[in-house]
Amino acid sequence: MNIGVLTGGGDCAGLNAAIRAVVRRAAQDKHTVIGIKNGWLGLIDNDAEPIDVSRTSGILSAGGTRLGTSRTNPAKVEQGYDKVLENLRKNKIDSLVVIGGDDTLSVALELHKRGIKVVGIPKTMDNDVYGTDFCIGFDSAVSIVMDACDKLRTTARSHHRVMVLEVMGRTAGWVALIGGMAGGADWILIPEIEVSIEKVAGQLKRRHELGKDFSILVVSEAANVPEIQAEAKGSKDAFGHERLEKRGIGDAVSRELEKRTGYETRVTVLGHIQRGGSPTLTDRILGTRLGVAAVESLLKNQSGVMVGLHGNAIDTVSLEEVIRNSPRKVDPKLYQLASLFY
Ligand code: F6P
């Protein structure tokens, strides 16, 4: 086989582990791998070149993606799918490993329907792809959120302040919830559960009455707070998503809380730091296992599937099912569990 591999959508830590694993497993059976640059853009611009084992040396611990990425949607480019198919032919690519979130994987599904042999690998720090317990990049991102909470706590305690930490997560609250729980947050706001700012202010006052004169709040960029009409501003990407960090929800929550409680409040927007740096152990292993599994799935002649983690096993789920059920939202029971510690 001549396997094309690409990474699409937002980058995150652990992508290079998956690329390396694809190349190594393919080489084991003497198959070749072509690295496609910058997601689907590389198949529109014909920007692709072979990657052999030597080129993957040392990339396991590197953050980002050595292939580059973009949010290119072939459906939004004139004759986009025709160009993709033509460049697959030109590069003699007979099968594809597509590493991406639900947007990138929806293009993979379309190519499968058009007769291309394709297997997907779930990655997104948002962790909202259906059909896997965890996506590549999530563990690294929440470790950074946890670390930020730990750091904010020492300064919050010193100044007796309320610290609001705004984190990413476009449609699902996994990053805020799991990162916040691990960081001992005193309240977590996520898109799935509407919570009034009045209720949060009341809880902060109760904490103060108990002698706890500092607090950490983790707020998802997409959080649902009825009193705050935060609108996403700016242009949409090729898949129709707006930039939520421009909503300024963390800032608005911080201002409202200060107004309602009188406690001094500060806001930190963690932003792209959550996607940067070296992958954690978990993401290195997940990327490695999913990369190997994707090639093995192609070797079994499978197509139109995604490899995913279920419990401690890697198996496959159809891309059709993945796209139909994504984004995967937070389980309300887990949110309830977090609130036990407020
Ligand atoms: O999709 C992952 C993600 O990090 C979201 O959490 C966030 O809303 C978005 O990407 C930011 O996108 P960009 O890197 O294009 O600003």
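If you're wondering where the values come from, they're calculated on a predicted model, not measured in any experiment.

## As for the site of the ligand
The environment of the ligand is made up of Arg-71, Met-125, Asp-126, Met-168, Gly-169, Arg-170, Glu-221, His-272 and Arg-275. Contact distances for the ligand include 2.6 Å between an oxygen atom and a side-chain N or O atom of Glu-221. In the model, an oxygen atom of the ligand is placed 2.9 Å from a nitrogen or oxygen of the His-272 side chain. When the ligand is considered free in solution it has 400 Å² of accessible area, and contact with the protein chains removes 83% of it. Taken together, the residues that form the shell around the ligand break down as two nonpolar, two polar and five charged.

## Focus on the domain arrangement of the protein
Here the domain parsing of the protein yields domain 1 (2-137 + 279-325) and domain 2 (140-275). For domain 1 and domain 2, the distance between their C-alpha centres works out to 32 Å. Across the domain 1 to domain 2 interface the summed buried area is about 1,500 Å²; carbon plus sulfur atoms make up 51%. Taken together, the connections running from domain 1 to domain 2 amount to two salt bridges. Linking Asp-11 and Arg-275 is a salt bridge whose minimum nitrogen-to-oxygen distance equals 2.9 Å. Linking domain 1 with domain 2 are ten residue pairs in polar contact (both at pLDDT 80 or more). At three residues, helix H4 (residues 102-113) tops the list of elements feeding residues into the side of domain 1 that touches domain 2.

## Here we look at helix H5 (residues 138-159)
Here H5 is 22 residues long and its end C-alpha atoms lie 31 Å apart, about the 32 Å a rise of 1.5 Å per residue gives. Turning to H5, its buried residues are Phe-138, Ser-140, Ala-141, Val-142, Val-145, Ala-148, Cys-149, Leu-152 and Ala-156. Residues of H5 that are buried make contact with strand E6 (162-167), helix H6 (174-182), strand E8 (215-220), strand E9 (265-269) and helix H9 (281-299).

## Here we look at a nonpolar patch on the surface
A cluster of nonpolar side chains, contributed by Met-181, Leu-337, Leu-340 and Phe-341, occupies part of the molecular surface with about 420 Å² of accessible area. Structurally, Leu-337 can be placed in helix H11 (residues 332-339).

## Some points on the sheet that holds strand E5 (residues 117-122)
In spatial order, the strands read E3-E2-E1-E4-E5-E10-E11; together these seven strands make up an open sheet with mixed pairing. Unpaired on one side and paired on the other, strand E3 (48-50) and strand E11 (313-318) mark the two borders of the sheet. Neighbour to neighbour, the strand axes of the sheet diverge by 25° on average, direction disregarded. In this structure, strand E10 (residues 305-310) lies alongside E11, joined through six bridges in antiparallel fashion. By the bridge assignment, Gly-308 is partnered in E11 with Asp-315. Against the sheet, H9 touches strand E1 (2-7), strand E4 (95-100), E5, E10 and E11, its axis set at about 140° to E10.

Calculation rules
Throughout, a residue's number is its position along its own chain's written sequence, starting from 1. Restriction of local features to residues with pLDDT of at least 70 applies here, the model being predicted, together with a cutoff of 80 or more for giving and counting side-chain atom pairs; totals for whole chains, interfaces and linings are based on all residues. In computing side-chain values, all of the structure's heavy atoms are included and hydrogens and water are not. By convention in these notes, a residue is near a molecule or strand provided one of its non-hydrogen atoms lies within 4 Å of it. Counted as a polar contact is a pair of N or O atoms within 3.5 Å, where, for protein atoms, one must be capable of donating a hydrogen and the other of accepting one, and residues adjacent in sequence contribute only when both atoms are in side chains. Note that accessible areas follow from Shrake-Rupley with a 1.4 Å probe, and for residues the cover is restricted to the protein chains shown. In the scheme used here, Gly and all other residues not listed as nonpolar or charged are polar, with Ala, Val, Leu, Ile, Met, Phe, Trp, Tyr, Cys and Pro taken as nonpolar and Asp, Glu, Lys and Arg as charged. Domain boundaries shown here were taken from an automatic or database domain assignment. As used here, buried area is the combined drop in accessible area, with a 1.4 Å probe, of two parts when they are placed together. The salt bridge criterion pairs a side-chain nitrogen of Lys or Arg with a carboxyl oxygen of Asp or Glu, the two atoms within 4 Å. In DSSP terms, a helix is any run of H or I states spanning at least four residues, a strand is any run of E spanning at least two, and both are numbered starting from the N terminus. Expected span, for any helix, means 1.5 Å times one less than how many residues it has. Categorising residues by exposure relies on relative accessible area from a 1.4 Å probe, with only protein chains included: less than 20% of the type maximum marks a residue as buried, more than 50% marks it as exposed, and the intermediate range marks it as partly exposed. Any two residues whose heavy atoms approach within 4.5 Å at even a single point are treated as in contact. Each patch is built from residues lacking any salt bridge and having more than 30% relative accessible area; the joining distance is 9 Å for like charges and 5 Å for nonpolar side chains (Val, Leu, Ile, Met, Phe, Trp, Tyr). One bridge is not enough; two strands pair if DSSP finds at least two bridges between them. To get an axis, a line is fitted to the C-alpha atoms, and for a helix only the part in contact is used. The angle between two axes follows their N-to-C directions and goes from 0 to 180 degrees.

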